[in-house]
Amino acid sequence: MGFLSGQDEQAVKKQFEQIGGSVKLTVFASELGPETNAQTVALVREVAALSDKLSVTVLNPHIDREQAQGYRVDVTPAVVVEGAKDYGIRFLGLPAGYEFSNLIDSIVAVSTGEAGLSADTKTALAELTDDVTIKVFTTPT
Amino acid sequence: MRLAQHMAIASDRVTAECIEATEFPELSRRYQVMAVPKIVINDTLQFEGAIPEQDFLGAVLQAVGGRS
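Residues numbered from 1 in each chain as written. Chains lettered and ligands numbered in written order. Predicted model: local features only at pLDDT ≥ 70, side-chain atom pairs only at ≥ 80, totals over all residues.

(A) Region of interest: the overall build of chain A. A tally of regular secondary structure across chain A gives 5 helices and 5 strands. By the compact-globule yardstick of 14 Å for 141 residues, chain A fits well, its C-alpha radius of gyration being 15 Å. Structurally, chain A occupies a C-alpha span of about 45 × 35 × 30 Å along its principal axes. Expressed as a percentage of the 141 residues in chain A, the buried residues total 39%. (Helix = DSSP H or I, 4+ residues; strand = E, 2+ residues; numbered from the N terminus. Rg over C-alpha atoms; globule rule 2.2 N^0.38 Å. Buried ≥ 20, exposed ≤ 12 C-beta atoms within 10 Å, placed from the backbone.)

(B) Fine view of the pairing of strand β3 (residues 78-82) of chain A. Residue and element names in this part refer to chain A. Counting buried positions over the 5 residues of β3 gives 5, a clear majority of the element. Across 5 bridges, strand β1 (residues 23-28) lies against β3 in antiparallel orientation. Within β3, the residue paired with T26 across the bridge is V80. Pairing of β3 with strand β4 (residues 89-92) involves 4 bridges; the strand directions are antiparallel. Its bridge partner being in β4, V80 is matched across the sheet by R90. (Pairing = 2+ DSSP bridges.)

(C) Just helix α4 (residues 98-112) of chain A, in detail. Residue and element names in this part refer to chain A. Compared with the 21 Å implied by 1.5 Å per residue over 15 residues, the 23 Å span of α4 between its first and last C-alpha is a close match. Buried residues of α4: E99, N102, L103, S106, I107, V108, A109, V110 and S111, and no others. Immediately downstream of α4, the backbone of G113 shows phi near 70°, a positive value. (Expected span 1.5 Å × (residues − 1).)

(D) Focus on the confidence of the model for chain B. Mean pLDDT over chain B works out to 94, with 96% of the residues at or above the 70 mark. In the predicted assembly, ipTM is 0.95 and pTM is 0.95. (pLDDT = per-residue confidence, 0-100.)

(E) A look at unusual backbone geometry. That bond from A:T76 to A:P77 is cis: its omega, -5°, falls within 30 degrees of zero. Looking at the secondary structure, you find A:P77 in the loop between α3 (65-70) and β3. Cis geometry marks the peptide bond from B:V36 to B:P37; its omega dihedral reads -10°. Note that B:P37 resides in the loop between α2 (25-30) and β2 (38-41). For B:Q32, which is not a glycine, the phi torsion comes out positive at approximately 50°. Here B:Q32 shows up in the loop between α2 and β2. Backbone geometry places B:D43, a non-glycine residue, at a positive phi of 60°. Of note, B:D43 is situated in the loop between β2 and β3 (45-48).

This is the structure we're talking about:
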């Protein structure tokens, strides 16, 4: 059974009309983990099927250790959203509900590499000389 | 999360992690997540709720020590 209703799919496809370049979705999941691991793989595959610009790679951090280290992923399920490069966008946990709209938004944004921010914000961020990790805790509803 | 992920696109220095709080209770406890969305920047600065872009940027700059 799919996660997305026909209506959801239409809405996502509409947003995906704005996709520029290709987007790589890397899912880290463990068969031994909670059921959200398999659910995340299934959901991301459903999303990826809605645009030929999207590709999905599923890895197991316990087996594919080098990739997990490279992406700095140490929990599952985790989804890395990459465009022309890895911009550092990660979803930890099943990206459903509130996070789902952010997942779709991030896919469109990385495909173009265009940040939807004011010019002032972009200028200030471009001048950062230290690394910044922003954690955003959410719940599905 | 929207602002955080767009900031990650705007700067190679910025990483944005969207964390499903109920799936990671240990992380949620460590960061004392009582309400969502809760934003934690560099493990030092934190706030709850959605805030305007300018204020979010201010928080990021404050977290790196007010430089830039």
